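Descriptive analysis of the structure
Listed here are the chains, written in short residue letters.
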Amino acid sequence: MAKVRVGMVGYKFMGKAHSNAYRALPMFFPGSVQPEMKAICGRDPVGLETARTQFGWENAVTDWKELVRRDDIDLIDINAPSDAHKDIALAAAEAGKHIFCEKPLALTLEDSREMLVAAEKAGVKHMVGFNYRFAPAVQLAKKLISEGRLGKIYHFRGVFLQDWIIDPSFPLVWRLQKEIAGSGSHGDLGAHVIDMARFLVGEFDEVIGMNDTFVKQRPIASAMTGLSAKGGAGEELGDVTVDDATVFMARFENGAMGSIEATRFAAGHRCTNAFEINGSKGSIKFDFERMNELQVYFTDDAEDVQGFRRVLATDGAHAYMDAWWPAGHTIGYEHTFTHEVLELMTAIGEDRQPVPNFVDGVKCQEVLEAVDRSIAERRWVSISEL
């Protein structure tokens, strides 16, 4: 059976999600090219060794440059903080390694384009981590739109709402520092909604936006893991240098209208990654907090039964579900990563680029930066300007 030897940089929130996907793939998709979990990389030797043992990696290294140089590695998985993406990806491409990089692809559009050029020049496979595409209900949404069953698309309405930093005493984690994260809710959450809009509706034409940072300073974090951290009132304060919330309107190249909101200050919303799409023949609605369901409405239904219907996307007719459980037995967040890794491994086996790849990462970055420019200049900005 074909194997792809993986070296992974990062071992916390996303490192656990990726590791779980690599481990699940052989059990549930045994016919695919299989990942071999060779080495995991991180800066803290103690935490790294704990993760290596817990996640099931063969060995661990604290220098990503050493990892990239190794002859027994075929694929570099990058889920370290955003400021590390570019350097690791460029080195991996130069070493002839395939690359799987978490979103957003880079801190800036310029950096993301450089990463794409390097990967294309090296002839390696490259993938960007927009895992929400891989929920079966989202795949059903794509199918309905592609088959024309919603008709002409008029509206895309998307939000990603969280509330995990609404307490002003929550510490200053790296995601709130522009030099590390690149942006706040816009690049972290909004990037997923932008990718979803591109995947389902098409390319953006122009945008106009607004943003705000509601809490300007926070206690310096003494420790952080994933979306949690230690610190508290009375500690030294540091500046928050990213947005807490960004909202923008958009026009798509196909004429559809769009609105996108990303915030970490929506009390009561833990992970409301949701969209509604309206077309001439019907509408669909999705909310990741109910990720197995797609709400579907068709205008040609008989008048006495018109209305949104709940489609539970767990039958064998739905993408990926024949590999999992009987109909009605739902799946979760971690399964989107397994499906994502399946696409990556299948693409390597078929000698094609996986989707989404660095091209999609660059196009997402174009929209992110167009919105930032529109906010700075208080005007509509065309994507073509970038």
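Notes on the structure follow. (Residues numbered from 1 in each chain as written. Predicted model: local features only at pLDDT ≥ 70, side-chain atom pairs only at ≥ 80, totals over all residues. Heavy atoms only, no water.)

Our focus in this paragraph is the nonpolar core. Counting 111 residues, the largest nonpolar core has Tyr 22, Phe 204, Phe 275, Ile 277, Ile 284 and Met 345 as the members making the most contacts within it. Residues Trp 164, Ile 165, Val 215 and Val 240 belong to the second largest nonpolar core, which totals 10 residues. (Core = buried A, V, L, I, M, F, W, Y, C linked by side-chain atoms within 4.5 Å. Buried < 20%, exposed > 50% of the residue type's maximum accessible area, 1.4 Å probe, protein only.)

Our focus in this paragraph is the pattern of salt bridges. According to the stated counting rule, one finds 30 salt bridges in the structure shown. The salt bridge partner of Glu 36 is Lys 38, with a shortest N-O separation of 3.9 Å. Glu 36 gets classed as partly exposed once you look at its relative accessible area, which sits at 24%. Lys 38 is the salt-bridge partner of Glu 58, the closest N and O atoms lying 3.1 Å from each other. Residue Glu 58 is found in the loop between α2 (45-55) and β3 (59-61), and its partner Lys 38 is found in strand β2 (residues 34-41); the two are separated by 20 residues along the sequence. By relative accessible area, Glu 58 is classed as partly exposed at 42%. Salt bridges linked by common partners bring Arg 133, Asp 195, Arg 198, Glu 203 and Asp 360 together as one network. (Salt bridge = Lys/Arg side-chain N within 4 Å of Asp/Glu carboxyl O. Helix = DSSP H or I, 4+ residues; strand = E, 2+ residues; numbered from the N terminus.)

With mixed pairing, the 9 strands of this open sheet are ordered in space as β18-β17-β16-β15-β7-β14-β13-β8-β19. Unpaired on one side and paired on the other, β18 (309-312) and β19 (381-382) mark the two borders of the sheet. (Pairing = 2+ DSSP bridges.)

Moving on to the side chain of Thr 263. Mapped onto the elements of the fold, Thr 263 is located in strand β14 (residues 257-263). Thr 263 gets classed as buried once you look at its relative accessible area, which sits at 5%. Among all residues touching Thr 263, those that are not within four sequence positions of it are Phe 160, Leu 161, Gln 162, Ser 185, Leu 189, Asp 244 and Ala 245. (Contact = heavy atoms within 4.5 Å.)

Two strands in a sheet stick together by hydrogen bonds in their backbones, pointing the same way (parallel) or opposite ways (antiparallel). The 6 strands are arranged β3-β2-β1-β4-β5-β6 in an open sheet whose pairing can be described as parallel. The open sheet has two edge strands, β3 and β6 (126-129), and neither has a second partner. Pairs of neighbouring strands in the sheet enclose a mean axial angle of 25 degrees, with direction left out of account. Sheet topology places strand β4 (residues 75-78) next to strand β5 (residues 98-102); 4 bridges connect them, and they run parallel. The partner of Ile 78 across the bridge, within β5, is Cys 101. Of the strands in this sheet, β5 and β6 are in contact with helix α10 (residues 358-377), which crosses β6 at around 45 degrees. (Axes fitted to C-alpha atoms, helices over the stretch in contact; angles between N-to-C directions.)

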